[in-house]
Amino acid sequence: MQHALLDQADGALCVAYSGGPDSTALLHALAQLPEARARGLRALHVDHGLHAESAQWAAHCQSVCHELGVDCDVLRVEVDIDSGLGIEGAARHARYTALAAQLGDGERLLLGHHGDDQVETVLLKLLRGAGPEGLGGMRACRPLGRGLLWRPLLALSREQLRGYIDAHALLCIEDPSNTDTRLARNYLRNDILPRLARHWPQATASIQHSARLSRDAADALQTQWLAALETLRDPLTDSLDATGWIALPPGLREPLLDHWLHARGRPAPTAQQRVQIERQLHARAGRMPCICWTGTELHIWKGRLWAHPPQPALDPEWESPWSGQPLPLPDGSLLTLTGTVAALPEPLTVRWRRGGEKIKPAGDAHTRKLRDLFQQAAIPPWQRMAYPLIYAGDELIAVANRWLTERGETLFGVAGGRPHWSPANNPATADNRD
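Since the model is a prediction, treat every value here as computed from it, not as a measurement.

## Topic: the nonpolar core
Grouped together as the largest cluster of nonpolar side chains are 32 residues, with contacts concentrated most on Trp322, Leu348, Ile390, Val399 and Phe412. Those elements that place two or more of their residues in this core are β14 (334-338), β15 (348-351), α14 (370-376), β18 (389-392), β19 (395-399), β20 (403-404) and α16 (406-415).

Have a look at this one:
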């Protein structure tokens, strides 16, 4: 760590401290170095609340940090187990989101990932059909929030870190889930890799060497597909030009798609799902293909690729009275009033689309079918059902903050505000590659 710090530019240091052996060895080693303490060494512990003993684990981490004279903050997160990412993916998303939000400008978040973790990552990526980017494994350093994520231990083995733990008689948390071989990484670690090592003693070193070569290849390709991304991506809709994307060589096409998805907080597709995406690009006109995988729906619409989290099922019979107060909607979105708002002059009702709705927008000479307005505004079909419709009695007076009737303009004008709809979103601060 002393040598590693010499290669890193100035900046504060923060250890992602789980209390397990790897992060314990990392934190303890840094705490012995005056140059690390001079850079404001601190620790963050994420309590996912998924285990009955998670509160005790958090208390253990704070106790260890107190003994080391290192500040430790506990971040308690809510893991969205219904996100479609799986329990591991959802916990990782929540963890990275929380950690990223805590970093100051230029601060480095240090993780205890080591060489054996890298081998497991590469094998998992291989089994998912990854290309050079995935087979390059975890990057030693990459941007995160306002700072950087840094893995300084990738050149060391699990055995070396355990040796350090034993030599210093350090107390660690042993998460029982690490022995659950129903989880893919644990199955590789506890069953498959020991068998490989018996037949190929050099397996770990060889896989790590291949990862370095793949990383070099991925970095060389990155300059090309990043340039293509600037051309293909529409910054207003964050969609991709499908024709331009499929025209790229596979070596550029796949990492560009993965990067675009990761930036939106979505996981990459499998090899079979990639084949399906490419096949559906040739679907008949008028169709709107949708390719789904865990945590993602990818639509092909109007010659572009669109990606978003799975949409919740909406009850078409749902409705709610509204007097202008912030109104959380069942899909996680929010309806509010902007401006200096007095009381609405009459009670309103908010509900979802049920089909056949019409509205006469203020300033328009004709009553329009809502379906036609959505089409003219190029609003993607999968977003339309979530638009809240605002009624005064039986009359539709507003569609979110997009269309208001003259009666709607008058009614909200009296109140001194206008409706504002904040759609549900999924922040992309976490990076699902890791």
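Next comes the rest of the description.
## Section: the pattern of salt bridges
Working definition: two side chains of opposite charge can pair if their charged atoms are close together. If you walk through the whole model with that rule in mind, you get 25 salt bridges. With a closest N to O distance of 3.3 Å, Arg146 and Asp105 form a salt bridge. With Arg146 in the loop between β5 (141-144) and β6 (147-150) and Asp105 in the loop between α5 (86-102) and β4 (108-110), this residue pair connects regions lying 41 residues apart in the sequence. The pair Arg146 / Asp105 is uniform in exposure class, with both members exposed. The salt bridge involving Arg189 is made with Glu120; its shortest N-O contact spans 2.9 Å.

## Some thoughts on the UniProt feature "binding site: ATP" (unreviewed entry) in the protein chain
UniProt feature "binding site: ATP" (unreviewed entry): in the numbering of this structure it lies at Ser18, Gly19, Gly20, Pro21, Asp22 and Ser23. One can find Asp22 in helix α2 (residues 21-31). On the basis of relative accessibility, which here comes to 16%, the residue Asp22 falls in the buried class. Filtering out sequence-adjacent residues up to four positions away, Asp22 remains in contact with Gly112, His114, Asp117, Leu153, Leu161 and Arg162. Note on placement: Ser23 falls in helix α2. The residues touching Ser23, leaving out its near neighbours within four places in the chain, are Val15, Ala16, Tyr17 and Ser18. Engagement of the side chain of Ser23 in a polar contact is seen with the backbone nitrogen of Ser18, the distance being 3.2 Å.

## Considerations on the sheet that holds strand β12 (residues 319-322)
The strand order across the open sheet built from 5 strands is β12-β15-β18-β19-β20, with neighbouring strands paired in antiparallel fashion. Among the strands making up the open sheet, the edge pair consists of β12 and β20. Helix-sheet contacts for α16 involve β12, β15, β18, β19 and β20, and the interaxial angle to β19 is about 70°.

## Description of helix α10 (residues 203-232)
Taking 1.5 Å per residue as the helical rise, α10 with its 30 residues ought to reach 44 Å, and the 40 Å between its terminal C-alpha atoms agrees with that figure. Of all the bends in α10, the greatest, near 35°, is centred on Gln222. Of all the positions in α10, only Ala203, Ile207, Gln208, Ala211, Ser214, Arg215, Ala218, Trp225, Ala228, Leu229 and Leu232 are classed as buried.

## What about the environment of Gln311?
As for its position among the elements, Gln311 is in the loop between β11 (304-308) and β12. At 2.9 Å, the side chain of Gln311 and the side chain of His308 are in polar contact.

## Some details on the UniProt feature "domain: Lysidine-tRNA(Ile) synthetase C-terminal" (unreviewed entry) in the protein chain
UniProt records the feature "domain: Lysidine-tRNA(Ile) synthetase C-terminal" (unreviewed entry) for residues 348-421 in the present numbering. Within the segment residues 348-421, helix and strand shares are 28% and 31% respectively, and the terminal C-alpha atoms sit 15 Å apart.

## Considering the sheet that holds β4
Across a sheet, strands are paired by hydrogen bonds formed along the backbone, either parallel or antiparallel in direction. Pairing in this open sheet of 6 strands is mixed, and the strands run β3-β2-β1-β4-β6-β5 from one edge to the other. Of all the strands in the sheet, just β3 (71-76) and β5 have a single pairing partner and so form its edges. Across the sheet, the axes of successive neighbouring strands diverge by a mean angle of 30°, strand direction being ignored. Sheet topology note: the strand β1 (residues 13-16)/β4 ladder contains 3 bridges and is parallel. The residue bridging Leu13 from the neighbouring strand is Arg108, located in β4. Along the sheet, α2 contacts β1, β2 (42-47) and β4; its crossing angle with β1, the most-contacted strand, is approximately 155°. On the sheet, α5 packs against β1, β2, β3, β4, β5 and β6 and is oriented at approximately 150° with respect to β2.

## A word on the packing of α2 against helix α8 (residues 158-167)
Remark: α2 packs on α8, axes separated minimally by 9 Å, with the N-to-C direction vectors making an angle of 60°. For the pair α2 and α8, the sense of crossing is left-handed. Residue-level inspection shows Pro21, Asp22, Thr24, Ala25, His28 and Ala29 of α2 in contact with α8, the latter providing Leu161, Arg162, Tyr164 and Ile165. Among the residues making up the contact of α2 with α8, the classes are represented as 6 nonpolar, 2 polar and 2 charged.

## With respect to unusual backbone geometry
The phi dihedral of Ala169 is positive, around 50°, even though this residue is not glycine. Assignment of secondary structure puts Ala169 in the loop between α8 and α9 (184-199). Look at Ala400: it is not a glycine, yet its phi comes out positive at around 50°. Inspection of the secondary structure assignment puts Ala400 in the loop between β19 and β20. Assessed through its relative accessible area of 1%, Ala400 is described here as buried.

Calculation rules
Residues numbered from 1 in each chain as written. Predicted model: local features only at pLDDT ≥ 70, side-chain atom pairs only at ≥ 80, totals over all residues. Heavy atoms only, no water. Core = buried A, V, L, I, M, F, W, Y, C linked by side-chain atoms within 4.5 Å. Buried < 20%, exposed > 50% of the residue type's maximum accessible area, 1.4 Å probe, protein only. Helix = DSSP H or I, 4+ residues; strand = E, 2+ residues; numbered from the N terminus. Salt bridge = Lys/Arg side-chain N within 4 Å of Asp/Glu carboxyl O. UniProt positions renumbered as here; feature names shortened; annotations may be inferred. Contact = heavy atoms within 4.5 Å. Polar contact = N/O pair within 3.5 Å; in protein donor to acceptor, adjacent residues only side chain to side chain. Pairing = 2+ DSSP bridges. Axes fitted to C-alpha atoms, helices over the stretch in contact; angles between N-to-C directions. Expected span 1.5 Å × (residues − 1). Bend = angle between axes of the 7 residues up to and from the residue. Left-handed = near helix turned anticlockwise from the far one by under 90°. Nonpolar A, V, L, I, M, F, W, Y, C, P; charged D, E, K, R; others polar.

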